[in-house]
Amino acid sequence: MEFNKIEDLLEKYFQGETSIAEEKELKDYFSSPNVAQHLKQYKPIFGYFSQVKEQKSTQDIPLKTKKRNVAWLSIAASVVVLLGVGTYFYVSEKNAALAVAQTELGTYDNPEEALAATQKALALLSSNVNVGIGSVQYIKEYEQSKNKIFKQ
């Protein structure tokens, strides 16, 4: 009768469904000398825990702690902060100079230069408008052809 109970507990153990009390019962059974012949193959599994519990470690564990060199860490952090501040001021100065240059665009001191620049800009605008007007001519021809075909 007890063999059936142990076999059921073994099955539950290998399924991972045993409680701590049931596992203790299995350990007690397999550490006793009267284990059934067909269950002796499981004895090393449960006997291992009782053997290991009795072993004592004689190995020394070193308790040295690593000291970090805080000085190097603080120097590295200072360098990073200085580089960040320097980069910020360099970029902001460059952007300020660029903003000043952009506000001065389109102003001329010499009237002849202003006239030449205006004529150049108007010629560019005129050529682009003429291209657009040419495209509109194609659309008008398309509309006339469509109206001839689909008499409205």
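Structure shown above.
Residue indices begin from 1 for each chain and proceed along its sequence in written order. pLDDT decides what is reported in this predicted model: residues at 70 or higher carry local features, side-chain atom pairs at 80 or more are listed and counted, and totals for whole chains, interfaces and linings draw on all residues regardless. With hydrogens and water set aside, each side-chain value is computed from the structure's full complement of heavy atoms.

1. Description of the side chain of Thr18
Think of it this way: any DSSP run of H or I at least four residues long counts as a helix, any run of E at least two long counts as a strand, and we number them from the N terminus. Considering the arrangement of structural elements, one finds Thr18 in the loop between helix H1 (2-15) and helix H2 (20-31). Residue Thr18 is classed as buried on the basis of its relative accessible area of 14%. Polar side-chain contacts of Thr18 include one of 2.9 Å to the side chain of Glu23. Apart from residues no more than four positions distant in its own chain, Thr18 is found in contact with Leu9, Lys12, Tyr13 and Glu23. Partly exposed residues are those whose accessible area sits between 20% and 50% of the maximum for their type, while under 20% is buried and over 50% is exposed, using a 1.4 Å probe and protein chains only. Pairs of N or O atoms are called polar contacts if they sit within 3.5 Å, as long as, within protein, a hydrogen donor faces a hydrogen acceptor (for residues adjacent in sequence, only side-chain-to-side-chain pairs). In what follows, residue pairs with any heavy atoms lying within 4.5 Å of each other are defined as contacts.

2. A few points about the packing of aromatic side chains
Only centres within 6.5 Å qualify two rings of Phe, Tyr or Trp (six-membered ring in Trp) as a pair; their planes then separate them into stacked at under 30 degrees, edge-to-face at over 60, and tilted for everything else. Under the criterion given, the structure shown has three aromatic pairs. Relative to Phe30, the ring of Tyr29 has its centre 5.2 Å away and its plane inclined at 80 degrees; by these criteria the two rings are edge-to-face. Per residue, the accessibility class of Tyr29 equals that of Phe30, and both read buried. Ring geometry for Tyr88 against Phe89: centres 5.5 Å apart, planes inclined by 65 degrees, an arrangement best described as edge-to-face.

3. Brief notes about the nonpolar core
To form a nonpolar core, buried Ala, Val, Leu, Ile, Met, Phe, Trp, Tyr and Cys residues must be joined to one another through side-chain atoms within 4.5 Å. Ile6, Leu9, Leu10, Leu26, Tyr29, Phe30, Val35, Ala36, Leu39 and Phe46 form the largest nonpolar core, which has 10 residues in total. Contributing elements (two or more residues each) for this core: H1 and H2.

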